[in-house]
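Observations on chain architecture
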Amino acid sequence: LLPDQVLPEITAPADISLEATGPTTPLTNSAIATFLGGASATDNIDVYDDDDITTDAPSAGFAVGTTSVIFTIVDSSGNSATATANVTIVDTTGPIVSAPAAITVAATDASGTAATDTTIASYLISGTALDLVNGEVAVTTNAPTILPLGTTTVTFSASDSQANGGSATSTV
């Protein structure tokens, strides 16, 4: 009797693309779980179920970008076959920017008050931004160097590593 030398056949699922759910999108995400369980395999001798197919999917989840996943099946004679499919994680969501509460300051002269004034400077650095993928990101403002008499609307802005932006406003 000759040993089985016929390779099993494996078919990978279709490539998928998903929006990021955090720094990594976990294997428990329903679309990823379906993808990882979506390969099928056949053999001239063995019968397989989904648990017989293994993958090299990253256990920590999928980061932004494209990751190739190799699906592998090994039959009872040690013959193996592989198939590859891609998971693409995109980040199209901008950071959530929080502006500080509005403040009122006295003018230091007829032109207004400098942005270096302690109260204004503290106000200008108190905006925050939190991104789903990148976590805390830097905030900038469009504040002028001298805030004139009257109300000035200040926009606090931030961008993530994928150039998605967010903003919020407050007044001085």
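Preceding this section is the structure that the text describes.
Residues numbered from 1 in each chain as written. Predicted model: local features only at pLDDT ≥ 70, side-chain atom pairs only at ≥ 80, totals over all residues. Heavy atoms only, no water.

Considerations on the overall build of the chain
Counting its secondary structure elements, the chain contains two helices and 14 strands. Its C-alpha radius of gyration of 27 Å places the chain more than 25% over the 16 Å reference for a compact globule of 172 residues. In terms of overall dimensions, the chain has C-alpha extents of about 100 × 20 × 15 Å along its principal axes. Across the 172 residues that make up the chain, the buried fraction comes to 34%. Summed over its atoms, the accessible surface of the chain is roughly 9600 Å², and 54% of this surface lies on carbon and sulfur atoms. (Helix = DSSP H or I, 4+ residues; strand = E, 2+ residues; numbered from the N terminus. Rg over C-alpha atoms; globule rule 2.2 N^0.38 Å. Buried < 20%, exposed > 50% of the residue type's maximum accessible area, 1.4 Å probe, protein only. Areas by Shrake-Rupley, 256 points an atom, 1.4 Å probe, with all protein chains shown as cover.)

With respect to the sheet that holds strand 7 (residues 96-98)
Taken together, three strands build an open sheet; the order of strands is 7-9-10 and the sheet is antiparallel. Edge positions in the sheet fall to strand 7 and strand 10 (135-136), since each has one partner strand and no second. Of the strand pairs in this sheet, strand 9 (residues 128-131) and strand 10 are connected by two bridges, and their pairing is antiparallel. When the sheet's bridge partners are listed, Asp 131 is paired in strand 10 with Gly 135. (Pairing = 2+ DSSP bridges.)

Structural notes on the environment of Gly 61
Secondary-structure assignment places Gly 61 in the loop between strand 4 (54-55) and strand 5 (65-74). A residue is classified by how much of its surface remains accessible, and Gly 61, at 7% relative accessible area, is buried. As a C-alpha pair, Gly 61 and Leu 27 span 34 residues in sequence and 5.4 Å in three-dimensional space.

Side note on the packing of aromatic side chains
The full count for this structure, using the stated rule, is two aromatic pairs. Aromatic pair Phe 35 and Phe 71: ring centres 5.6 Å apart, planes at 70°, arrangement edge-to-face. With Phe 35 in helix 1 (residues 30-36) and Phe 71 in strand 5, the pair connects residues that are 36 residues apart, well separated along the chain. Each member of the pair, Phe 35 together with Phe 71, is buried. (Phe/Tyr/Trp six-rings, centres within 6.5 Å; stacked < 30°, edge-to-face > 60°.)

A few points about the nonpolar core
Ile 10, Val 69 and Phe 71 are the most contacted members of the largest nonpolar core, which has 22 residues in total. Where this core is concerned, the elements lending two or more residues are helix 1, strand 5 and strand 6 (80-90). In terms of residue count, strand 6 provides more of this core than any other element does, five residues in total. Within the second largest apolar cluster, 13 residues are counted, among which are Ile 120, Tyr 123, Val 137 and Phe 156. (Core = buried A, V, L, I, M, F, W, Y, C linked by side-chain atoms within 4.5 Å.)

What about the side chain of Asp 75?
Positionally, Asp 75 belongs in the loop between strand 5 and strand 6. Residue classification places Asp 75 among the buried residues on the basis of a relative accessible area of 4%. The residues touching Asp 75, leaving out its near neighbours within four places in the chain, are Asp 4, Val 6, Pro 8, Asp 43, Asp 46 and Tyr 48. (Contact = heavy atoms within 4.5 Å.)

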